[in-house]
Amino acid sequence: MAKRRSAAIKRPGRMHFRALPLIAILLAAVPVADAQQVRRGASPLDLPRPGYERRTTRVGPAEIRIDVEVTALYDSNVYATSTAATGDAAVIARPRVEIDWRGTNAELHGEAYADTRRYIDQGRESATSFGAAVSGRIAPAREHLLSAEMRFDRDIESRADPEARASVLLPPRKINILAGELGYALNGSRLRLNLSGGVQKFDFLDPAEQDREFTSWRGSARATWRAAGPVAFFAEAYVNRRNFRTVVDLSGINRDATTYGFLAGVSREVSPRLRGRIG
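Here's the deal with the overall build of the protein chain
Next, step 1: Helix and strand content of the protein chain: 0 helices and 13 strands.
Next, step 2: Starting at the N terminus and ending at the C terminus, the protein chain contains elements arranged as β-β-β-β-β-β-β-β-β-β-β-β-β.
Next, step 3: Buried residues in the protein chain amount to 29% of all 279 residues.
Next, step 4: In the protein chain, of all internal contacts separated by at least 6 residues, the share reaching a separation of at least 24 is 52%.
Next, step 5: Total accessible area computed for the protein chain in this model is approximately 17300 Å², and 59% of it derives from carbon and sulfur atoms.

Some details on the packing of aromatic side chains
Next, step 1: Enumeration over the complete set of coordinates arrives at 4 aromatic pairs.
Next, step 2: Seen in terms of ring centroids, Phe-202 and Phe-214 are 4.7 Å apart; in terms of plane orientation they differ by 15 degrees. Their pairing is stacked. Placement of the pair is Phe-202 in strand β9 (residues 191-204) and Phe-214 in strand β10 (residues 214-228), with a sequence separation of 12 residues.
Next, step 3: On the accessibility criterion, Phe-202 (0% relative accessible area) is buried.
Next, step 4: Summarising the aromatic geometry, the rings of Phe-214 and Phe-244 are spaced 5.1 Å apart at their centres and angled 45 degrees between planes, so their arrangement reads as tilted. Here the residue Phe-214 occupies a position in strand β10, and Phe-244 occupies one in strand β11 (residues 231-244), the gap between them amounting to 30 residues.
Next, step 5: Assessed through its relative accessible area of 8%, Phe-244 is described here as buried.
Next, step 6: By the ring-pair criterion, three or more aromatic residues cluster together here, those being Phe-202, Phe-214 and Phe-244.
Next, step 7: Lying over the aromatic face of Phe-244, Arg-255 brings its terminal NZ or CZ to 3.8 Å of the ring centre.

Looking at the pattern of salt bridges
Next, step 1: One pass over the full model with this rule turns up 26 salt bridges.
Next, step 2: Among the salt bridges present, the one from Arg-159 reaches Glu-125, with a minimum N-O distance of 2.4 Å. Here Arg-159 is found in the loop between β7 (144-156) and β8 (174-187), whereas its partner Glu-125 is found in the loop between β5 (106-119) and β6 (127-141), with 34 residues between them in sequence. The two residues Arg-159 and Glu-125 agree in class, both being buried.
Next, step 3: For Asp-211, the salt bridge goes to Arg-165, with nearest N and O atoms at 2.7 Å. Taken together, the residues Asp-211 in the loop between β9 and β10 and Arg-165 in the loop between β7 and β8 connect sequence positions 46 residues apart.

Quick word on a nonpolar patch on the surface
Next, step 1: Together, Ile-66, Val-97 and Ile-99 give the surface a local cluster of nonpolar side chains, amounting to about 240 Å² of exposed area.
Next, step 2: Locating Ile-66 in the fold gives a position in strand β3 (residues 62-75).
Next, step 3: Owing to a relative accessible area of 52%, Ile-66 belongs among the exposed residues under this scheme.

Some words on the side chain of Arg-212
Next, step 1: Tracing the backbone shows Arg-212 in the loop between β9 and β10.
Next, step 2: Look at Arg-212 and you get buried, because its relative accessible area is 1%.
Next, step 3: Polar side-chain contacts of Arg-212 include one of 2.6 Å to the side chain of Glu-157.
Next, step 4: A polar contact is formed between the side chain of Arg-212 and the backbone oxygen of Glu-163, at a distance of 3.3 Å.

Examining the pairing of β10
Next, step 1: Across 12 bridges, β9 lies against β10 in antiparallel orientation. Residue pairing across strands places Leu-191 opposite Trp-225, the latter belonging to β10.
Next, step 2: Between β10 and β11, which follow one another and run antiparallel, lie 2 residues, and Gly-229 among them has a positive phi close to 60 degrees.

Some points on the environment of Ala-166
Next, step 1: Mapped onto the fold, Ala-166 is located in the loop between β7 and β8.
Next, step 2: Between the C-alpha atoms of Ala-166 and Glu-209, which are 43 residues apart in sequence, the distance is 9.6 Å.

Observations regarding the environment of Asp-67
Next, step 1: One can find Asp-67 in strand β3.
Next, step 2: Sequence separation of Asp-67 and Pro-95 is 28 residues, and the distance between their C-alpha atoms is 5.6 Å.

Points about the side chain of Thr-215
Next, step 1: Relative to the helices and strands, Thr-215 is located in strand β10.
Next, step 2: You can call Thr-215 buried: its relative accessible area is 17%.
Next, step 3: The residues contacting Thr-215, other than those within four sequence positions of it, are Val-199, Gln-200, Lys-201, Arg-241, Arg-242 and Asn-243.

Focus: the environment of Pro-230
Next, step 1: As for its placement among the helices and strands, Pro-230 is situated in the loop between β10 and β11.
Next, step 2: Residues Pro-230 and Ser-271, spaced 41 residues apart in sequence, show a C-alpha to C-alpha distance of 8.9 Å.
Next, step 3: Not counting chain neighbours up to four residues away, the residues in contact with Pro-230 comprise Ser-267, Arg-268 and Glu-269.

Thresholds applied
Residues numbered from 1 in each chain as written. Predicted model: local features only at pLDDT ≥ 70, side-chain atom pairs only at ≥ 80, totals over all residues. Heavy atoms only, no water. Helix = DSSP H or I, 4+ residues; strand = E, 2+ residues; numbered from the N terminus. Buried < 20%, exposed > 50% of the residue type's maximum accessible area, 1.4 Å probe, protein only. Contact = heavy atoms within 4.5 Å. Areas by Shrake-Rupley, 256 points an atom, 1.4 Å probe, with all protein chains shown as cover. Phe/Tyr/Trp six-rings, centres within 6.5 Å; stacked < 30°, edge-to-face > 60°. Lys NZ or Arg CZ within 6 Å of the ring centre and 35° of its normal. Salt bridge = Lys/Arg side-chain N within 4 Å of Asp/Glu carboxyl O. Patch = residues over 30% accessible without salt bridge, like charges linked within 9 Å, V, L, I, M, F, W, Y side chains within 5 Å. Polar contact = N/O pair within 3.5 Å; in protein donor to acceptor, adjacent residues only side chain to side chain. Pairing = 2+ DSSP bridges.

Next up, the structure:
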């Protein structure tokens, strides 16, 4: 299933060519990273910018970070078509706010963002996506950790999405995505246990796309036992369930499905930077 926006479901990126940004104005850049932390082949936009480090504002025990990134680029194939490509320049603004609070045995994180894209000539492709999330972790005891996250995203469907139906004469589809996740971790000296579960709901704002709306649930359980030294044995079970709003899609196909599985194996830490696992 192609992703609209989520950590669990990936959607393919555009396959057409994008020229390098013509103008990149960073009012508040990302934090400085060590040169070794920048992966090889990374975009120049992701490189450290001395003097433009993100500034953190403290309000009591909380830290607030505000970023605003403004970029101009030229897209050589705005509608992601295989023939008669249409190019256009666009101006993109990405404001973002993050708040972090850390206590003795708990942490809270909140964020809100927007992504506004305005094309010069192809005005109907102009769109704004936005979202917000809140997550937290608490350690009720030394070896136990509970975590939770809730988020909402207003996404814009990519023209390159294999399931995209919108004509080039219509604006891209808008999608509301609501997601939540719960987790529990036990970190013992020899036994580690990880439990997680989540739900995700995709809601298309266009009534013509109702057959593509769905809700998915997922859950997993993983146990790791460290026998001796760097050797550990693990076992993991998982299940995913996907229910579409309509029984069948426009082609008469029922796409509801359940996926489940079980993994087991052994892992070994050869060195602090080299690990191997087979299962």
